[in-house]
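Geometric and topological summary
Okay, here's what each chain looks like letter by letter:
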Amino acid sequence: MYEPIRTRSVHSTMAGSSSDFPHRSREEELDIQLAGHLAALLAVTDELRGLAPSAELDEGAERLAQQVARLRGGLPPVRSTASTGTARPADPAVLHRRAHALAGRALVVAASRADTAAAILAAQQMDVHTAALEPRELASR
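These numbers were taken from a predicted model, which means no experiment stands behind them.

A look at the overall build of the protein chain
Tallying secondary structure elements over the protein chain gives 4 helices and 0 strands in all. The order of helices and strands in the protein chain, counted from the N terminus, is α-α-α-α. Taken across its 141 residues, the protein chain has 30% of its residues classed as buried. Contacts spanning at least 24 positions in sequence make up 72% of the contacts within the protein chain whose residues lie at least 6 apart. Roughly 9,700 Å² of accessible area belongs to the protein chain as shown, and the carbon and sulfur atoms make up 56% of that amount.

What follows is the structure, given as structure tokens:
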């Protein structure tokens, strides 16, 4: 009924051949992605701490740094220092929205890799940045 294939397939599998590039497992890829989201959230948190220091942001930044270091095998994240000479300071509301979005992304990745500690931290950071936005959004209405 069907004619047999007479030519060699152009689609070959990599099974049995050595590859020239390293392969990572899904868990390793998720670790890298989660560490990236948390590091970005840490950078925005550090920027917010420079604009309006608070104990809540300080504690969140330290916990974020610990999680990033854990995910990177003990390598501590690069922390931003207070920016000097900027032409215009950033709007805190914009930074809180960005931090909320980054925390949301981190929460999704943490949930997909079943990392409870990172998921709880991301959810708490979402709450912190939502609470920081609420008075501003009510005042602007």
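Okay, back to it.
Remarks on the side chain of His96
With respect to the helices, strands and loops of the structure, His96 is situated in helix 3 (residues 92–112). Separated by 2.9 Å, the side chains of His96 and His129 make a polar contact.

Let's talk about the confidence of the model for the protein chain
Confidence in the prediction for the protein chain averages 84 pLDDT; 79% of positions are at 70 or higher. Averaged pLDDT values for the elements of the protein chain fall to 86 in helix 4 (residues 116–139) and rise to 95 in helix 3.

Some thoughts on the pattern of salt bridges
With the rule as written, the count across this model stands at 8 salt bridges. Note that Asp58 and Arg49 form a salt bridge whose closest N and O atoms lie 2.6 Å from each other. A relative accessible area of 23% places Arg49 in the partly exposed class. Several salt bridges share partner residues, and in doing so they unite Asp46, Arg49, Asp58, Glu62 and Arg79 into one network.

Observations regarding unusual backbone geometry
Where the residue is not glycine, phi is negative for most of them; where a peptide bond is considered, it is trans in most cases. Residues other than glycine seldom take positive phi values, yet Ala114 does so here, at roughly 60 degrees. On the secondary structure map, Ala114 appears in the loop between helix 3 and helix 4.

Description of helix 2 (residues 55–71)
End to end, helix 2 covers 24 Å across 17 residues, agreeing with the expected 24 Å (1.5 Å per residue, within 8%). Three or more residues of helix 2 are buried, namely Leu57, Gly60, Ala61, Leu64, Ala65, Gln67, Val68, Ala69 and Leu71. Positive backbone phi, at 70 degrees, marks Gly73, one or two positions downstream of helix 2.

Considerations on the nonpolar core
Ranked by size, the top nonpolar core spans 28 residues in total, and within it Leu34, Leu38, Leu41, Val44 and Leu64 carry the most contacts. Only helix 1 (26–51), helix 2, helix 3 and helix 4 provide two or more residues apiece to this core. Looking at which element gives the most residues to this core, the answer is helix 1, with 9 residues. Those residues in contact with Leu38, other than ones at most four positions away along the chain, are Leu64, Gln67, Val68, Leu71, Ala106 and Ala118.

Rules used throughout
Residues numbered from 1 in each chain as written. Predicted model: local features only at pLDDT ≥ 70, side-chain atom pairs only at ≥ 80, totals over all residues. Heavy atoms only, no water. Helix = DSSP H or I, 4+ residues; strand = E, 2+ residues; numbered from the N terminus. Buried < 20%, exposed > 50% of the residue type's maximum accessible area, 1.4 Å probe, protein only. Contact = heavy atoms within 4.5 Å. Areas by Shrake-Rupley, 256 points an atom, 1.4 Å probe, with all protein chains shown as cover. Polar contact = N/O pair within 3.5 Å; in protein donor to acceptor, adjacent residues only side chain to side chain. pLDDT = per-residue confidence, 0-100. Salt bridge = Lys/Arg side-chain N within 4 Å of Asp/Glu carboxyl O. Expected span 1.5 Å × (residues − 1). Core = buried A, V, L, I, M, F, W, Y, C linked by side-chain atoms within 4.5 Å.

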